[in-house]
Amino acid sequence: MREKLLIVLLVAAAAITEFFPNVSAQEAADKAQQILAAARAAIGGEKLKSLQSLSVEGEFRRTMGPMEMSGTLNVDMLMPDKVLRTEVMNMMGGMEITRLEALNGDKVWDDQQTSGGGGNMVMIRRAGRGNDPKAGEDMIRSEALKTSLSFLLAVPSSLPTTFTYAGEAEAPEGKADVLDAKVPVGPALRLYFDQKSHRLLMLTYKGKQPRIITHQGGGPPSEEEMKQRLKDSEAEAAKQPDVEYQTRFSEYKEVNGILLPHKISKGIGSETNEEIAITKVKVNPSLKPEKFVKK
(Lines give C-alpha, C1' and ligand atoms only; values in the text may rest on other atoms or scores of the structure.)
Protein backbone atom coordinates (compact mmCIF):
# COMPACT_ATOMS: atom_id res chain seq x y z
CA MET A 1 0.00 0.00 0.00
CA ARG A 2 1.32 3.45 -0.87
CA GLU A 3 2.18 5.54 2.14
CA LYS A 4 1.16 9.13 2.48
CA LEU A 5 3.00 11.52 4.76
CA LEU A 6 1.25 14.72 5.73
CA ILE A 7 3.29 17.27 7.68
CA VAL A 8 1.34 20.11 9.26
CA LEU A 9 3.64 23.00 10.11
CA LEU A 10 2.36 25.45 12.70
CA VAL A 11 4.08 28.83 12.89
CA ALA A 12 3.60 31.66 15.35
CA ALA A 13 5.92 34.65 15.55
CA ALA A 14 6.11 38.44 15.32
CA ALA A 15 5.19 41.18 17.72
CA ILE A 16 1.91 43.03 17.73
CA THR A 17 1.77 46.74 17.01
CA GLU A 18 1.08 49.26 19.76
CA PHE A 19 -2.12 51.22 20.07
CA PHE A 20 -3.77 53.51 22.66
CA PRO A 21 -0.34 54.94 23.69
CA ASN A 22 -1.89 57.71 25.85
CA VAL A 23 -0.68 56.68 29.31
CA SER A 24 2.77 56.44 30.87
CA ALA A 25 4.52 53.11 31.14
CA GLN A 26 4.00 52.98 34.91
CA GLU A 27 0.33 53.93 34.62
CA ALA A 28 -0.15 51.25 31.94
CA ALA A 29 1.47 48.63 34.18
CA ASP A 30 -0.54 49.64 37.25
CA LYS A 31 -3.83 49.67 35.35
CA ALA A 32 -3.07 46.26 33.87
CA GLN A 33 -2.62 44.83 37.37
CA GLN A 34 -5.93 46.37 38.45
CA ILE A 35 -7.73 44.79 35.49
CA LEU A 36 -6.10 41.42 36.11
CA ALA A 37 -6.98 41.55 39.81
CA ALA A 38 -10.62 42.28 38.96
CA ALA A 39 -10.66 39.47 36.39
CA ARG A 40 -9.18 36.94 38.82
CA ALA A 41 -11.64 38.01 41.50
CA ALA A 42 -14.50 37.54 39.03
CA ILE A 43 -13.58 33.95 38.20
CA GLY A 44 -12.68 32.72 41.65
CA GLY A 45 -10.98 35.17 44.01
CA GLU A 46 -9.72 33.32 47.08
CA LYS A 47 -10.67 29.97 45.54
CA LEU A 48 -8.34 30.73 42.66
CA LYS A 49 -5.52 31.72 45.00
CA SER A 50 -5.74 28.41 46.86
CA LEU A 51 -5.96 26.29 43.71
CA GLN A 52 -3.33 23.55 43.61
CA SER A 53 -4.29 21.64 40.46
CA LEU A 54 -6.82 21.55 37.63
CA SER A 55 -7.87 18.96 35.05
CA VAL A 56 -10.02 19.83 32.04
CA GLU A 57 -11.49 17.49 29.43
CA GLY A 58 -13.13 18.50 26.18
CA GLU A 59 -14.04 17.57 22.64
CA PHE A 60 -12.94 19.46 19.55
CA ARG A 61 -13.63 19.77 15.85
CA ARG A 62 -10.85 21.23 13.71
CA THR A 63 -10.01 21.99 10.10
CA MET A 64 -6.41 22.11 8.85
CA GLY A 65 -6.30 22.98 5.18
CA PRO A 66 -8.29 20.30 3.38
CA MET A 67 -8.43 18.08 6.46
CA GLU A 68 -11.26 17.88 8.95
CA MET A 69 -10.86 16.08 12.24
CA SER A 70 -12.40 15.63 15.63
CA GLY A 71 -10.98 14.45 18.90
CA THR A 72 -10.53 14.96 22.60
CA LEU A 73 -8.40 17.36 24.60
CA ASN A 74 -7.18 16.83 28.16
CA VAL A 75 -5.33 19.55 30.07
CA ASP A 76 -3.69 18.87 33.43
CA MET A 77 -2.13 21.71 35.45
CA LEU A 78 -0.18 21.39 38.68
CA MET A 79 0.78 24.68 40.29
CA PRO A 80 3.00 26.52 39.94
CA ASP A 81 4.81 25.36 36.79
CA LYS A 82 3.46 22.16 35.24
CA VAL A 83 1.10 21.89 32.24
CA LEU A 84 0.31 18.76 30.21
CA ARG A 85 -1.83 18.88 27.06
CA THR A 86 -3.01 15.59 25.56
CA GLU A 87 -4.83 15.58 22.22
CA VAL A 88 -6.31 12.49 20.61
CA MET A 89 -7.12 13.26 16.97
CA ASN A 90 -9.35 11.09 14.80
CA MET A 91 -8.25 11.47 11.19
CA MET A 92 -8.68 10.08 7.71
CA GLY A 93 -8.87 6.35 7.12
CA GLY A 94 -9.45 5.45 10.75
CA MET A 95 -6.13 6.88 11.86
CA GLU A 96 -5.79 8.06 15.47
CA ILE A 97 -2.98 10.37 16.61
CA THR A 98 -2.21 10.98 20.26
CA ARG A 99 -0.08 14.06 20.81
CA LEU A 100 1.33 15.19 24.16
CA GLU A 101 3.03 18.47 25.03
CA ALA A 102 4.30 19.19 28.53
CA LEU A 103 5.87 21.99 30.50
CA ASN A 104 7.61 20.65 33.58
CA GLY A 105 9.24 23.58 35.37
CA ASP A 106 12.01 24.83 33.10
CA LYS A 107 11.88 21.69 30.93
CA VAL A 108 9.55 20.75 28.07
CA TRP A 109 8.88 17.65 26.03
CA ASP A 110 6.45 16.30 23.48
CA ASP A 111 5.48 12.95 22.05
CA GLN A 112 3.32 11.62 19.24
CA GLN A 113 1.83 8.18 18.76
CA THR A 114 -0.12 6.98 15.71
CA SER A 115 -2.41 3.97 15.35
CA GLY A 116 -4.67 2.69 12.60
CA GLY A 117 -4.94 4.26 9.16
CA GLY A 118 -3.38 1.45 7.15
CA GLY A 119 -0.27 2.69 5.36
CA ASN A 120 -1.04 6.37 5.82
CA MET A 121 1.31 8.48 7.87
CA VAL A 122 0.75 11.86 9.50
CA MET A 123 3.28 13.99 11.29
CA ILE A 124 2.47 17.25 13.05
CA ARG A 125 5.44 19.55 13.31
CA ARG A 126 5.95 23.01 14.78
CA ALA A 127 7.95 25.66 13.00
CA GLY A 128 11.71 25.25 13.20
CA ARG A 129 11.43 21.87 14.86
CA GLY A 130 13.51 20.15 12.22
CA ASN A 131 16.50 22.52 12.32
CA ASP A 132 16.12 24.43 15.57
CA PRO A 133 15.10 22.30 18.55
CA LYS A 134 15.07 25.32 20.89
CA ALA A 135 12.49 27.08 18.71
CA GLY A 136 10.30 23.99 18.92
CA GLU A 137 10.70 23.85 22.69
CA ASP A 138 9.81 27.52 23.01
CA MET A 139 6.64 26.86 21.02
CA ILE A 140 5.62 24.28 23.64
CA ARG A 141 6.36 26.80 26.41
CA SER A 142 4.27 29.41 24.60
CA GLU A 143 1.33 27.00 24.26
CA ALA A 144 1.53 26.09 27.95
CA LEU A 145 1.54 29.78 28.88
CA LYS A 146 -1.51 30.49 26.72
CA THR A 147 -3.31 27.47 28.19
CA SER A 148 -2.70 28.64 31.76
CA LEU A 149 -3.86 32.16 30.94
CA SER A 150 -6.96 30.86 29.17
CA PHE A 151 -8.27 28.91 32.14
CA LEU A 152 -6.76 30.55 35.22
CA LEU A 153 -5.50 34.02 34.18
CA ALA A 154 -2.13 32.92 35.54
CA VAL A 155 1.23 32.05 34.03
CA PRO A 156 3.63 29.25 35.02
CA SER A 157 6.28 30.48 37.45
CA SER A 158 9.01 29.49 34.98
CA LEU A 159 7.56 31.87 32.35
CA PRO A 160 7.35 35.35 33.96
CA THR A 161 5.13 37.68 31.93
CA THR A 162 4.69 41.46 32.03
CA PHE A 163 1.27 43.02 31.41
CA THR A 164 0.52 46.58 30.30
CA TYR A 165 -2.74 48.39 29.64
CA ALA A 166 -3.36 49.01 25.95
CA GLY A 167 -6.76 50.74 26.01
CA GLU A 168 -10.36 49.93 25.17
CA ALA A 169 -11.90 48.00 22.32
CA GLU A 170 -15.43 47.37 21.11
CA ALA A 171 -16.62 43.77 21.41
CA PRO A 172 -19.97 42.15 20.57
CA GLU A 173 -20.57 41.89 24.32
CA GLY A 174 -19.77 45.60 24.85
CA LYS A 175 -16.58 47.43 25.69
CA ALA A 176 -13.44 45.51 26.56
CA ASP A 177 -10.26 46.41 28.42
CA VAL A 178 -7.21 45.43 26.43
CA LEU A 179 -3.91 44.24 27.91
CA ASP A 180 -0.65 43.51 26.16
CA ALA A 181 1.43 40.65 27.52
CA LYS A 182 5.18 40.67 27.05
CA VAL A 183 6.08 36.99 27.23
CA PRO A 184 9.50 35.32 27.60
CA VAL A 185 8.95 32.97 24.64
CA GLY A 186 6.75 32.90 21.56
CA PRO A 187 4.66 35.74 20.15
CA ALA A 188 3.46 38.67 22.23
CA LEU A 189 -0.14 38.28 23.39
CA ARG A 190 -3.11 40.60 23.61
CA LEU A 191 -5.98 39.90 26.03
CA TYR A 192 -9.50 41.37 25.96
CA PHE A 193 -11.58 41.54 29.17
CA ASP A 194 -15.27 42.43 29.32
CA GLN A 195 -15.57 45.67 31.30
CA LYS A 196 -18.77 44.59 33.06
CA SER A 197 -18.13 40.93 33.92
CA HIS A 198 -14.31 41.19 33.88
CA ARG A 199 -14.19 37.83 32.12
CA LEU A 200 -11.58 37.06 29.46
CA LEU A 201 -13.27 37.33 26.07
CA MET A 202 -10.43 36.83 23.66
CA LEU A 203 -6.68 36.21 23.34
CA THR A 204 -4.83 37.14 20.15
CA TYR A 205 -1.35 37.04 18.70
CA LYS A 206 0.32 37.50 15.31
CA GLY A 207 2.03 34.74 13.34
CA LYS A 208 2.45 33.07 9.98
CA GLN A 209 -0.30 31.21 8.19
CA PRO A 210 -0.21 27.43 8.89
CA ARG A 211 1.25 25.42 6.03
CA ILE A 212 0.75 21.85 4.94
CA ILE A 213 3.41 19.72 3.23
CA THR A 214 2.31 16.46 1.64
CA HIS A 215 4.21 13.42 0.42
CA GLN A 216 2.98 10.46 -1.59
CA GLY A 217 5.09 7.55 -2.68
CA GLY A 218 6.29 4.09 -1.85
CA GLY A 219 7.58 5.14 1.55
CA PRO A 220 8.25 8.11 3.77
CA PRO A 221 10.80 10.71 2.65
CA SER A 222 14.35 10.51 3.93
CA GLU A 223 15.37 12.59 6.93
CA GLU A 224 17.41 14.90 4.68
CA GLU A 225 14.54 15.33 2.25
CA MET A 226 12.14 16.15 5.07
CA LYS A 227 14.53 18.70 6.57
CA GLN A 228 14.89 20.37 3.20
CA ARG A 229 11.13 20.51 2.70
CA LEU A 230 10.67 22.05 6.13
CA LYS A 231 13.45 24.56 5.45
CA ASP A 232 11.98 25.55 2.07
CA SER A 233 8.49 25.87 3.54
CA GLU A 234 9.72 28.07 6.40
CA ALA A 235 11.63 30.28 3.96
CA GLU A 236 8.54 30.71 1.84
CA ALA A 237 6.37 31.47 4.87
CA ALA A 238 8.82 34.13 6.05
CA LYS A 239 8.02 36.12 2.90
CA GLN A 240 4.30 36.20 3.70
CA PRO A 241 2.58 38.81 5.94
CA ASP A 242 1.59 37.88 9.45
CA VAL A 243 -2.00 36.96 10.27
CA GLU A 244 -3.88 37.36 13.54
CA TYR A 245 -4.68 34.23 15.55
CA GLN A 246 -7.75 34.59 17.77
CA THR A 247 -9.00 32.45 20.65
CA ARG A 248 -12.45 33.36 22.00
CA PHE A 249 -13.91 32.25 25.34
CA SER A 250 -17.59 31.93 26.24
CA GLU A 251 -20.20 29.88 28.14
CA TYR A 252 -18.54 30.41 31.52
CA LYS A 253 -19.73 27.96 34.19
CA GLU A 254 -18.87 27.65 37.86
CA VAL A 255 -17.09 24.50 39.06
CA ASN A 256 -16.34 24.30 42.79
CA GLY A 257 -16.32 28.07 43.09
CA ILE A 258 -14.19 28.74 40.01
CA LEU A 259 -15.69 30.19 36.84
CA LEU A 260 -14.25 28.58 33.70
CA PRO A 261 -15.00 28.96 29.97
CA HIS A 262 -16.74 25.89 28.56
CA LYS A 263 -16.62 26.93 24.90
CA ILE A 264 -13.40 27.93 23.17
CA SER A 265 -13.27 28.99 19.53
CA LYS A 266 -10.01 29.38 17.62
CA GLY A 267 -9.41 30.93 14.24
CA ILE A 268 -7.35 33.13 12.00
CA GLY A 269 -8.82 36.58 11.44
CA SER A 270 -12.56 36.23 10.97
CA GLU A 271 -12.41 32.53 10.04
CA THR A 272 -12.99 29.97 12.80
CA ASN A 273 -11.17 26.67 12.30
CA GLU A 274 -11.59 25.00 15.70
CA GLU A 275 -14.32 24.65 18.31
CA ILE A 276 -13.66 23.13 21.75
CA ALA A 277 -16.49 22.11 24.07
CA ILE A 278 -15.37 21.51 27.65
CA THR A 279 -17.17 18.45 29.01
CA LYS A 280 -15.56 17.84 32.41
CA VAL A 281 -13.58 19.85 34.96
CA LYS A 282 -11.88 18.67 38.14
CA VAL A 283 -10.73 21.25 40.67
CA ASN A 284 -7.78 20.19 42.84
CA PRO A 285 -7.56 16.62 41.50
CA SER A 286 -4.78 14.41 42.79
CA LEU A 287 -1.99 15.01 40.27
CA LYS A 288 1.51 13.73 40.92
CA PRO A 289 4.62 15.52 39.59
CA GLU A 290 5.60 12.27 37.85
CA LYS A 291 2.66 12.73 35.46
CA PHE A 292 4.55 15.61 33.83
CA VAL A 293 7.75 13.62 33.23
CA LYS A 294 8.22 12.00 29.82
CA LYS A 295 7.90 8.23 30.03
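Residues numbered from 1 in each chain as written. Predicted model: local features only at pLDDT ≥ 70, side-chain atom pairs only at ≥ 80, totals over all residues. Heavy atoms only, no water.

Engineer: Can you explain the overall build of the protein chain? Please cite residues and give values.
Structural biologist: Each helix and strand in the protein chain was counted, giving four helices and 15 strands. Of all 295 residues assigned to the protein chain, the portion counted as buried reaches 49%. Considering only residue pairs separated by 6 or more positions, the protein chain has 58% of its internal contacts joining residues 24 or more positions apart. Carbon together with sulfur atoms contributes 49% to the accessible area of the protein chain, which is approximately 14,500 Å² in total. (Helix = DSSP H or I, 4+ residues; strand = E, 2+ residues; numbered from the N terminus. Buried < 20%, exposed > 50% of the residue type's maximum accessible area, 1.4 Å probe, protein only. Contact = heavy atoms within 4.5 Å. Areas by Shrake-Rupley, 256 points an atom, 1.4 Å probe, with all protein chains shown as cover.)

Engineer: Tell me about the confidence of the model for the protein chain, and name the residues and values.
Structural biologist: Of the residues in the protein chain, 79% have a pLDDT of 70 or more, and the chain-wide mean is 84. Below a pLDDT of 50 lies the segment residues 1-18, which in the model reaches 87 contacts outside its immediate sequence neighbourhood of four places, other chains included. For residues 126-130, every residue scores under 50 in pLDDT, and the model assigns this stretch 21 contacts once sequence neighbours within four places are set aside. (pLDDT = per-residue confidence, 0-100.)

Engineer: So what's going on with helix α3 (residues 133-152)? Residues and values would help.
Structural biologist: The α-helix winds at 3.6 residues per turn, so residues separated by three or four positions along the chain end up facing the same way. Compared with an ideal rise of 1.5 Å per residue, which puts 20 residues at 28 Å, α3 spans 29 Å between its outermost C-alpha atoms and is within 8% of the ideal. Remark: Leu153 follows α3 within two positions and exhibits a positive phi of approximately 55°. (Expected span 1.5 Å × (residues − 1).)

Engineer: Break down unusual backbone geometry for me, citing the residues and quoting the values.
Structural biologist: Look at the link from Met79 to Pro80: it is a cis peptide, with omega at 5°. Secondary-structure assignment places Pro80 in the loop between β3 (67-78) and β4 (82-90). One non-glycine residue, His198, adopts positive backbone phi at about 65°. Among the structural elements, His198 can be located in the loop between β10 (189-194) and β11 (200-207). The exposure class assigned to His198 is partly exposed, which follows from its relative accessible area of 30%. For Asn256, which is not a glycine, the phi torsion comes out positive at approximately 50°. If you trace the backbone, Asn256 turns up in the loop between β13 (243-255) and β14 (258-268).

Engineer: Got a sec to walk through the pattern of salt bridges? Specific residues and values, please.
Structural biologist: One pass over the structure, following the stated rule, counts 15 salt bridges. When the shortest N-O distance is used, the salt bridge between Arg62 and Glu87 registers 2.8 Å. Here the residue Arg62 occupies a position in strand β2 (residues 53-64), and Glu87 occupies one in strand β4, the gap between them amounting to 25 residues. Judged by relative accessible area, Glu87 falls into the buried class, the value being 12%. A salt bridge links Arg99 to Asp110, with the nearest nitrogen and oxygen atoms 3.2 Å apart. (Salt bridge = Lys/Arg side-chain N within 4 Å of Asp/Glu carboxyl O.)

Engineer: Give a description of the environment of Ser55 that names residues and reports values.
Structural biologist: Positionally, Ser55 belongs in strand β2. You can call Ser55 buried: its relative accessible area is 11%. Along the chain, Ser55 and Val75 lie 20 residues apart, while their C-alpha atoms are 5.6 Å from each other. If we skip the residues at most four places from it in the chain, Ser55 touches Val75, Asp76, Lys280, Val281, Lys282, Pro285 and Leu287. At 2.6 Å, the side chain of Ser55 forms a polar contact with the side chain of Asp76. (Polar contact = N/O pair within 3.5 Å; in protein donor to acceptor, adjacent residues only side chain to side chain.)

Engineer: Any chance you could break down the sheet that holds β11 for me, citing the residues and the numbers?
Structural biologist: Read from one edge to the other, the open sheet built from twelve strands follows the order β6-β5-β4-β3-β2-β15-β14-β13-β11-β10-β9-β8, with strand pairing classed as antiparallel. A single partner strand is all that each edge strand has here, and the edge strands are β6 (107-115) and β8 (162-171). Along the sheet, successive strands turn relative to each other by an average axial angle of 20°, direction set aside. Across six bridges, the pairing between β11 and β13 is antiparallel. Note on β13: the bridge partner recorded for Lys206 is Glu244. Against the sheet, helix α1 (residues 25-43) touches β8, β9 (174-182), β10 and β14, its axis set at about 70° to β8. (Pairing = 2+ DSSP bridges. Axes fitted to C-alpha atoms, helices over the stretch in contact; angles between N-to-C directions.)

Engineer: How would you summarise the pairing of β10 if you had to cite specific residues and measurements?
Structural biologist: Counted residue by residue, β10 has six buried out of six residues, so it is predominantly covered. The side-chain alternation of β10 yields two buried faces, one formed by Leu189, Leu191 and Phe193 and the other by Arg190, Tyr192 and Asp194. Pairing analysis gives six bridges linking β9 to β10, with the strands arranged antiparallel. Its bridge partner being in β10, Ala176 is matched across the sheet by Asp194. A loop of six residues connects β9 with β10, the two strands running antiparallel in sequence, and Gly186 in this loop sits at a positive phi of about 75°. Here four bridges tie β10 to β11, and the two strands are oriented antiparallel to one another.

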